[in-house]
Amino acid sequence: MQLVTPAIGLVFWMLVTFVIVLTILKKFAWKPILSSIKEREDTISNALNQAEQAKNEMARLHGENEQLLAQARSERDAMMKEAREMKEKIVGDAKTTAEEEAKKLIARANDEINKQKLAAMDELKKEIAHFSVQIAEKLVADKLENSEAQQKLIATYLSDLNNKAQA
Amino acid sequence: MPENQLFAKFQSVTKKSLLVGFALFVGIQLQANKVVSAEHAIEAHEVNAHANEEHENAHQQDHGTITPDQVNAHAESEQNNAHGKAQAHEKEGFDAGKMIFEHIGDAHDWHLWGEGEHAVSIPLPVILYTESGGLTVFSSSNFHHGHAAYNGFVLHEGKVTWEDANKTESIYDFSITKNVLAMLIATLVLLLIVISMAKHYTSNQGKAPKGFYNLVEPLILFLRDDIAKPSIGHKADKFMPLLLSIFFFIFINNIFGLIPIFPGGANVTGNIAITLVLALVVFVTVTINGNKYYWKHIFMPDVPGFMYIIIIPIEILGVILKPFVLMLRLFANITAGHIIILGFFSLIFIFGAMSPGLGYLVSPLSVAFTVFMSMLEMLVAFLQAFVFTLLSAIYIGMAVEEHHH
């Protein structure tokens, strides 16, 4: 029976001790411990959230970079294409200009050549006429007894000359 | 807390109580043993009485030739003799029940080793209050292990009584007994551990715990996340200091109780006075914090009026029974553990009394069983602290639960 009969002294000391322990632990131990555990948990969960955010931010930046890169690439392609077109156009333009110039030059040269030819023909005609006169003088001097024959001869010569000149 | 989880926990508690039932059975058996051996005790008494007569004779013969000191010494030696004879007598039939109940009970001195007058023990202060004599404080060594009277008081079977058996005035015994001292030591250790932990936590704010605190923190987290929060809900934080204090107080006292030598070995949490106070603290907390739904549930339950005659007494009984069961469960479990371990040791001496050889034969077996039981008791030390805290949390949770009808 003594086993299940609470002794008053033990009840008293236990009550005193437990109340003191409860008060001390509550104030100096459990509150700081629980609050610092809570704080640490908050810190950890915050850190995890921040890491998640940073990861998302990184992914976003990465996407943005990709986009920028693609844009730059397409821009470069466009520029290259433009440049190529420009080059072709310039080359083409130059070609046509040169061709025209050449044609003009050729035409001018032809003109000049014709002019020179005509001038040379005239000169030649004059020379030939001169030589003819000289030849005729000599012939006339030699064979002026037969006038009829002479007249005929002269006419022949002249018509020949005319024909040549016309050719 | 989900119903099934709660159920599983209760189931484990039920299994435990089966073990306790067995332990109590063993205890009862030993108690029966005690009754049988009572006659031995009576014989021992007779021997004692005889010794006293002899002492008287010796005293008369030597009267006037020896100093009072010598008389005392003589008397003591005579008593030693008598005690020795009594013990010789007892040894024939080793009284396991007496030994066990001496060990699990409280004492006014902390017995270390030895027997009878040769026992070496730490004397503890005896503090008595009587209406006639007021407050009396003296060392328990004055009782000479119950063989001498002091200031008119004697120590009889661990209790302080009047030397004059006819005196009926009640004695209020506020002595620092073995259990009080053991509790104070364990509590001091608990305070040192937990306060140093708090210091560590405040100075290392936000950092991971180190070393020993890694062992304590999971317990705190377990109590908060698996006991308090599921049972009490969002008001759990308010009751955390109480629940933590109850848990660690019970746990450390349970563990200290398993240490066989000083400063352990006292059956603190297996003493009904200790569990009574713990249960009382829970009861007071529940009663103070009970909200209107709690009280309505007791005094105005949702049943037809004529049922009130039955329901209200049952509810009131329930209010008292809950802490009462808390008190009994812890007391019975821890006491049972101590009884089983002591019982195994008693086997050695019981068989040893039959024949020394048999005693030696049994001892390895007893030691093996005791090792096994000690392991089990370590689990029980945690489990009972856990169960007490869990049930306290559930009671508190019932009292502060908000109903939304």
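Parameters and conventions
- Residues numbered from 1 in each chain as written.
- Chains lettered and ligands numbered in written order.
- Predicted model: local features only at pLDDT ≥ 70, side-chain atom pairs only at ≥ 80, totals over all residues.
- Heavy atoms only, no water.
- Axes fitted to C-alpha atoms, helices over the stretch in contact; angles between N-to-C directions.
- Helix = DSSP H or I, 4+ residues; strand = E, 2+ residues; numbered from the N terminus.
- Left-handed = near helix turned anticlockwise from the far one by under 90°.
- Contact = heavy atoms within 4.5 Å.
- Nonpolar A, V, L, I, M, F, W, Y, C, P; charged D, E, K, R; others polar.
- Expected span 1.5 Å × (residues − 1).
- Bend = angle between axes of the 7 residues up to and from the residue.
- Buried area = accessible area lost by both parts, 1.4 Å probe.
- Salt bridge = Lys/Arg side-chain N within 4 Å of Asp/Glu carboxyl O.
- Buried < 20%, exposed > 50% of the residue type's maximum accessible area, 1.4 Å probe, protein only.
- Pairing = 2+ DSSP bridges.
- Phe/Tyr/Trp six-rings, centres within 6.5 Å; stacked < 30°, edge-to-face > 60°.
- Polar contact = N/O pair within 3.5 Å; in protein donor to acceptor, adjacent residues only side chain to side chain.
- Core = buried A, V, L, I, M, F, W, Y, C linked by side-chain atoms within 4.5 Å.
- Domains from an automatic or database assignment.
- Lys, Arg positive; Asp, Glu negative; His and termini not counted.
- pLDDT = per-residue confidence, 0-100.

Residue and element names in this part refer to chain B. One way to put it is that helix α6 (residues 213-232) packs onto helix α11 (residues 356-400) with a least axis distance of 8 Å and a crossing angle of 35 degrees. Taken as a pair, α6 and α11 cross one another with a handedness that is right-handed. Facing α6, whose interface residues are Leu219, Phe222, Leu223, Ile227, Ser231 and Ile232, α11 presents Phe382, Phe386, Thr389, Leu390, Ala393, Ile394, Ile396, Gly397 and Val400. Of the residues belonging to the contact of α6 with α11, the class tally is 12 nonpolar, 3 polar and no charged.

When the terminal C-alpha atoms of α11(B) are compared, their 62 Å separation across 45 residues agrees well with the 66 Å that a helix rising 1.5 Å per residue should span. Helix geometry: α11(B) is bent most strongly at Val362(B), by close to 30 degrees, with proline Pro364(B) lying one to four residues after it.

Let's shift gears to the interface of chain B and chain A. With 52 residues of chain B in contact, the opposing surface of chain A contributes 32 residues. Summing the contributions of chain B and of chain A, the shared interface buries around 3700 Å²; its carbon and sulfur component is 81%. Its largest share of buried area at the contact with chain A, chain B owes to Phe174(B), Pro241(B) and Val277(B), together 13% of the area lost on that side. Put simply, Glu217(B) and Arg40(A) hold a salt bridge, and the shortest N to O gap is 2.3 Å. Of all elements in the fold, only α4 (96-104), β7 (172-173), α5 (178-203), α6, α7 (236-258), α8 (272-289) and α10 (308-354) of chain B reach the threshold of two or more residues within the side of chain B that touches chain A. Here the residues of the side of chain B that touches chain A are counted per class, giving 35 nonpolar, 10 polar and 7 charged.

Time to look at the pattern of salt bridges. Tallying each qualifying case throughout the model produces 9 salt bridges over all chains. Across the salt bridge formed by Asp77(A) and Arg76(A), the nearest N and O atoms sit 3.3 Å from each other. Given the relative accessible area of 42%, Asp77(A) is considered partly exposed. Linked by salt bridges that have partners in common, Glu41(A), Arg224(B) and Asp225(B) make up one network.

What follows deals with the sheet that holds strand β4 (residues 134-139) of chain B. Residue and element names in this part refer to chain B. In space, the 3 strands of this open sheet follow the order β4-β3-β7, with antiparallel pairing throughout. Pairing within the sheet leaves two strands with one partner each, and these edge strands are β4 and β7. As defined by bridge partners, strand β3 (residues 125-130) adjoins β4 across 6 bridges and the pair is classed as antiparallel. In the strand pairing of β4, proline 125 is matched with serine 139.

Evaluated as defined, the whole model comprises 19 aromatic pairs over all chains. With a centroid separation of 5.0 Å and 75 degrees between ring planes, the pair formed by Phe12(A) and Phe174(B) is classed as edge-to-face. Taken together, the residues span two chains, with Phe12(A) in helix α1 (residues 8-143) and Phe174(B) in the loop between β7 and α5. What makes Phe12(A) partly exposed here is its relative accessible area of 37%.

All names here are of chain B. Tracing the sequence through the fold places serine 121 in strand β2 (residues 120-123). By relative accessible area, serine 121 is classed as buried at 18%. Reaching out from serine 121, the side chain makes a polar contact with the side chain of aspartate 109 at a distance of 3.2 Å. Apart from residues no more than four positions distant in its own chain, serine 121 is found in contact with Asp109, Trp110, His111, Leu112 and His145.

Let us look at the nonpolar core. Side chains that are nonpolar tend, in soluble globular proteins, to be buried together. Judged by nonpolar contacts, the single largest core of 83 residues is most densely connected at Trp30(A), Ile33(A), Ile220(B), Phe248(B) and Leu278(B). Elements represented by at least two residues in this core include exactly α1 of chain A together with α5, α6, α7, α8, α9 (292-299), α10 and α11 of chain B. When residues are assigned to domains, this core turns out to be shared by domain 2 (109-173) and domain 3 (178-400) of chain B, each giving three or more. Not counting the four nearest positions on each side in its chain, Ile220(B) is found in contact with Trp30(A), Ile33(A), Leu34(A), Ile37(A), Met197(B), Met240(B), Leu244(B) and Phe248(B). In this structure, Val126(B), Leu155(B), Val160(B) and Trp162(B) belong to the second largest nonpolar core, which totals 9 residues.

Turning our eyes to something else, we now look at the side chain of Asp173(B). Along the polypeptide, Asp173(B) turns up in strand β7. Buried charge without a partner: Asp173(B) forms no salt bridge, and the closest opposite charge is Lys159(B), 8.3 Å away. A polar atom in the side chain of Asp173(B) sits 2.3 Å from the side chain of Ser175(B). Once you skip the residues sitting within four places of it in the chain, Asp173(B) turns out to touch Ile8(A), Gly9(A), His108(B), Ile127(B), Leu128(B) and Val160(B).

This part covers the confidence of the model for chain B. Residues and elements named next belong to chain B. In this model, chain B carries an average pLDDT of 78, and 76% of its residues clear a pLDDT of 70 or more. Confidence, expressed as mean pLDDT per element, reaches its minimum in chain B at helix α3 (residues 68-92) with 43 and its maximum at α8 with 93. Taken together, the stretch residues 28-92 has pLDDT below 50 and engages in 39 contacts with residues farther than four places along the chain or on a different chain. What the predictor reports for the complex is a pTM of 0.68 with an ipTM of 0.72.

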